[in-house]
Amino acid sequence: MNSTARQNIFKNVLFVLILLSLYVLQSVPGLFAIYGVKPFLTIPAAIAIAMLEGEFSGGIYGAVAGLLCDMGGLLLFGYNGLVTAACCIAAGLFVIHLIRCNIFAFLLFSIFTMLLRGAAEYFFAYGMWNHQDVSRIFLNVTLPAALYSVIAGIPLFFLLRWMHRRFPVPEGDEV
């Protein structure tokens, strides 16, 4: 095994450890909560990894991040995993073929992913049952959680970009 392969394995192990650490941090009751709204930290991290590493790795990390969110969620297990994996694959493909990997693209993909998963969660958990004043949940919980998650993801993007640059990508896998 050459040094580049060892560095790639080490980088992927670090990515997994970061996702697990972020899951633990987002699962601690009351930690990072502002007015009862907590961020999803693993989803923006998975978006950043997808943008940096490409669609295949991004899809895997997106599925892992989404399944970690599903472990603490109330909806059907696998929902966040599927949505996050699909959005990470799309982000990786967009960065490879259409746009540059920068903070503005990260913010765009993160807010799209968080709003998509939040809107679908809102619709299937609350909206379709037509309860009275259910729109307050979307305005007071879903939207602030999406924005808070994106803002909290900004330092994660820079950390993961630094790690990506620190450890070289094997030949043929460059983004």
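These numbers come from a predicted model, not from an experiment. (Residues numbered from 1 in each chain as written. Predicted model: local features only at pLDDT ≥ 70, side-chain atom pairs only at ≥ 80, totals over all residues. Heavy atoms only, no water.)

Peer 1: Would you explain the overall build of the chain in this entry?
Peer 2: Broken down by element type, the chain carries six helices and zero strands. Ordered by position from the N terminus, the helices and strands of the chain form the series α-α-α-α-α-α. Computed over the C-alpha atoms, the radius of gyration of the chain is 16 Å, within 12% of the 16 Å expected from 2.2 N^0.38 for a compact globule of 175 residues. For the C-alpha atoms alone, the extent of the chain along its principal axes is close to 60 × 35 × 25 Å. Burial statistics for the chain: of 175 residues in total, 41% are counted as buried. Counting only contacts in the chain whose residues sit at least 6 apart along the sequence, the fraction spanning at least 24 positions is 70%. Summing over all exposed atoms, the chain offers an accessible surface of approximately 9,800 Å²; the carbon and sulfur share of this is 69%. (Helix = DSSP H or I, 4+ residues; strand = E, 2+ residues; numbered from the N terminus. Rg over C-alpha atoms; globule rule 2.2 N^0.38 Å. Buried < 20%, exposed > 50% of the residue type's maximum accessible area, 1.4 Å probe, protein only. Contact = heavy atoms within 4.5 Å. Areas by Shrake-Rupley, 256 points an atom, 1.4 Å probe, with all protein chains shown as cover.)

Peer 1: Hey, could you run me through the layout of surface pockets in this one?
Peer 2: Its boundaries defined by the atoms lining it, the largest pocket holds a volume of some 700 Å³. Phe40, Gly72, Gly73, Arg117 and Glu121 are, among the 29 residues lining the largest pocket, the residues nearest its centre. Residues belonging to the lining of the largest pocket are distributed by class as follows: 17 nonpolar, eight polar and four charged. (1 Å grid on protein atoms, 1.4 Å probe; cavity = no way out; pocket = protein on both sides within 12 Å on 5 of 7 lines; lining within 4 Å. Points joined across faces, edges and corners; volume = space filled by probe spheres on them. Nonpolar A, V, L, I, M, F, W, Y, C, P; charged D, E, K, R; others polar.)

Peer 1: Honestly, the packing of helix H1 (residues 3–27) against helix H2 (residues 42–53) in this entry has me stumped. Any pointers?
Peer 2: The axes of two packed helices give the description: the angle between them and the distance between them. H2 packs onto H1 with a crossing angle of 160 degrees between their chain directions and a minimal axis gap of 9 Å. Taken as axis vectors, H1 and H2 run roughly antiparallel relative to one another. Taken together, the residues of H2 that come into contact with H1 (itself represented by Lys11, Phe15, Leu19, Leu22, Tyr23 and Gln26) are Thr42, Ala45, Ala46, Ile49 and Glu53. Residues belonging to the contact of H1 with H2 are distributed by class as follows: seven nonpolar, two polar and two charged. (Axes fitted to C-alpha atoms, helices over the stretch in contact; angles between N-to-C directions. Parallel < 35°, antiparallel > 145°, perpendicular 65-115°, else oblique.)

Peer 1: Would you explain the packing of H1 against helix H3 (residues 55–71) in this entry?
Peer 2: Their axes nearest at 10 Å, the elements H1 and H3 cross at an angle of 20 degrees. Taken as axis vectors, H1 and H3 run roughly parallel relative to one another. For the element pair H1 and H3, the recorded crossing hand is right-handed. Here Asn12, Phe15, Val16, Leu19, Leu20, Tyr23 and Gln26 of H1 lie close against H3, whose contacting residues are Tyr61, Val64, Ala65, Leu68, Cys69 and Met71. Per-class residue counts for the contact of H1 with H3 are eleven nonpolar, two polar and no charged. (Left-handed = near helix turned anticlockwise from the far one by under 90°.)

Everything listed is a geometric property; what it means functionally is a separate question.
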